[in-house]
Every structure is written in C-alpha cells, then in structure tokens.
Amino acid sequence: CRGSGTGMMRVRTGCVRVLTLVTAALALVAAATDAGAQSPCPSCTAAPRWEVGGYLGVAVQSPVGTYFGSTPDRNHVFIGLQATKEVLAWKRWLLAFAPQVVPLAIVTNNPKYDTQTITTPSGSHTVTVETGRGPVYGVGFVPLGLEMQLQVASRWRVYGGGAVGGIWFTRDVPVGNSKAFNYTFEFGGGLQYQCRPGQWLRVGYKFHHLSNAGSVPINPGVDANMFLAGYSVVVGSHKH
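(A) Structural detail: the packing of aromatic side chains. Scanning the model with the defined rule gives eight aromatic pairs in all. On the basis of an interplanar angle of 55° and a centroid distance of 5.7 Å, the ring pair of Phe-68 and Phe-207 is categorised as tilted. Here Phe-207 lies in strand S8 (residues 199–211) and Phe-68 lies in the loop between strand S1 (46–59) and strand S2 (76–90), a separation of 139 residues in the sequence. Of the residues examined, Phe-68 reaches a relative accessible area of 43% and is grouped as partly exposed. For the ring pair Phe-185 and Phe-207, a centre distance of 6.5 Å and an interplane angle of 45° mean the geometry is tilted. Taken together, the residues span a long stretch of sequence, with Phe-185 in strand S7 (residues 179–196) and Phe-207 in strand S8 at a distance of 22 residues. Judged by its relative accessible area of 26%, Phe-185 is partly exposed.

So, in structure tokens, the structure goes:
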C-alpha cells in the first residue's frame, strides 16, 4: 500500500489493518481445511506402506476354454506369499504394487515320463514314453502385479487385481514335450477384513492360467478357478 501527503500515516494504518484481517482470514481457512482433512473417516485411516502375508489357494477340475487352457482334470494347490505397496491413494481408493512368490505349486494328474531309445532298421531314435500319472511340484515368482482396494467400511475393503509371472516345475507341464517352465497370468478379487489393527484376513477368487506361451509346438495350457484364503500384516503405515 502506498500513501502520500498529510494522510500517509492514516493510509498506511488502514493498509496494515486490512492486511491483518486478510492474514487472519487465510489462517482460519487453512485451519478449517486442515481440520477437515484430519477428520476421522474410512478414507483417512492408516494405509499400509508395505502389507505382507501368505495365502492358500485351491482349485479343482481345471476348466477347458476356447481361448486359454485346454487341459482338463487337473487340481491345483498353491501356497503363496504376497506383498502390497501403496502406489496411489485417492479418497477410499488405493492402488498397490503387488508382487508374489509361490514357494509351492502343485498340479495333480500330470503325466510322468521316461526317455527310451528305440532301435529300428533305419537307426536309433529317442522317444518320450508316459509311465504313469501323479502330482508335479513347482516354484513360482510373480513380479508384475497390481491390486486395487476400496474401503467400504471401517474394517472391510474389497480388492481386485491381476499379475503376470512364471512357475518352474520338476517336469513338463501339462503334457510330455511341452515345458517344465510355464508363464502365468491371473486376475480376480475378493474381500478383506481387519481382524486387529494392522492385521487383515483375505478371502477371494482368481482365474489362473499357465502355459509355455507357444515357446514350443506343444502348448495346451492349464486353467484354474482358484479360491483362496490368506492373512497379512502391515509393516509401517502413514495417513492419507
């Protein structure tokens, strides 16, 4: 503010008062905004920086689809470890990075094979012969996963997401002359319940597919309608 002549002091005094009122008003607005942002609500609860836990997934009678797996009569048992890391948060919504490790994957009714050498007049040939059936075991790593969570109540949230990874089995899956290593993709969702502060129970469903992605000529693939239950704990938290 500027003044001139004999009224300079009055003008300056008036300007100071106006500036003081404006500053006070802005302070009140900022305080009200801050108080509103800190008011208790489901979207302002502590959100996990890292949430880690395990799950058990079970699927029976692999379905045969048109575009994905074409191998029937397989059951699945997965023991998995999953971590979620908050990426974005907005009101009740949270987007998280969600990688997994599968220390144990079991697919039942998988052929067992033996390599034999057959001698014919034209020479010797090595062939793979099926010698029986039984479970096959594998270890998986799923590094690319995203999960969306929605807080629907103080202790409840729904989630959905998808992931891509791979599993190394002890022999070719799901048939001979396919591959022991298979790529995987999955998508699904479910419910989470906060049983204690920082501790969550999870139940859900996911569609799981594994195949060698056409890296060898034989690629029937296996699908699973998997139901799972799990438990996780929060490691570090902050407000959002």
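(B) The nonpolar core, seen in detail. Formed by 16 residues in total, the largest nonpolar core has its most connected members in Phe-78, Ala-105 and Phe-169. Every element with two or more residues in this core is listed here: S1, strand S4 (100–120), strand S6 (156–173) and strand S9 (222–239). Ignoring any residue separated from it by four or fewer positions in sequence, one finds Ala-105 in contact with Val-77, Phe-78, Val-136, Tyr-137, Gly-138, Ile-167 and Phe-169.

(C) Local environment of empty space enclosed by the protein. Per the stated rule, a full pass over the model turns up two cavities of 30 Å³ or more. Within this model, the largest cavity holds a volume of roughly 310 Å³. Of all the secondary structure elements, the ones that give two or more residues to the lining of the largest cavity are S1, S2, strand S5 (123–151), S6, S7, S8 and S9. Taken together, the residues of the lining of the largest cavity sort by class into nine nonpolar, 14 polar and five charged. The computed volume of the second largest cavity comes to approximately 40 Å³. At the level of secondary structure, the elements contributing two or more residues to the lining of the second largest cavity comprise S4, S6, S7 and S8. Of the residues belonging to the lining of the second largest cavity, the class tally is five nonpolar, four polar and two charged.

The rules we used
- Residues numbered from 1 in each chain as written.
- Predicted model: local features only at pLDDT ≥ 70, side-chain atom pairs only at ≥ 80, totals over all residues.
- Heavy atoms only, no water.
- Phe/Tyr/Trp six-rings, centres within 6.5 Å; stacked < 30°, edge-to-face > 60°.
- Helix = DSSP H or I, 4+ residues; strand = E, 2+ residues; numbered from the N terminus.
- Buried < 20%, exposed > 50% of the residue type's maximum accessible area, 1.4 Å probe, protein only.
- Core = buried A, V, L, I, M, F, W, Y, C linked by side-chain atoms within 4.5 Å.
- Contact = heavy atoms within 4.5 Å.
- 1 Å grid on protein atoms, 1.4 Å probe; cavity = no way out; pocket = protein on both sides within 12 Å on 5 of 7 lines; lining within 4 Å.
- Points joined across faces, edges and corners; volume = space filled by probe spheres on them.
- Nonpolar A, V, L, I, M, F, W, Y, C, P; charged D, E, K, R; others polar.

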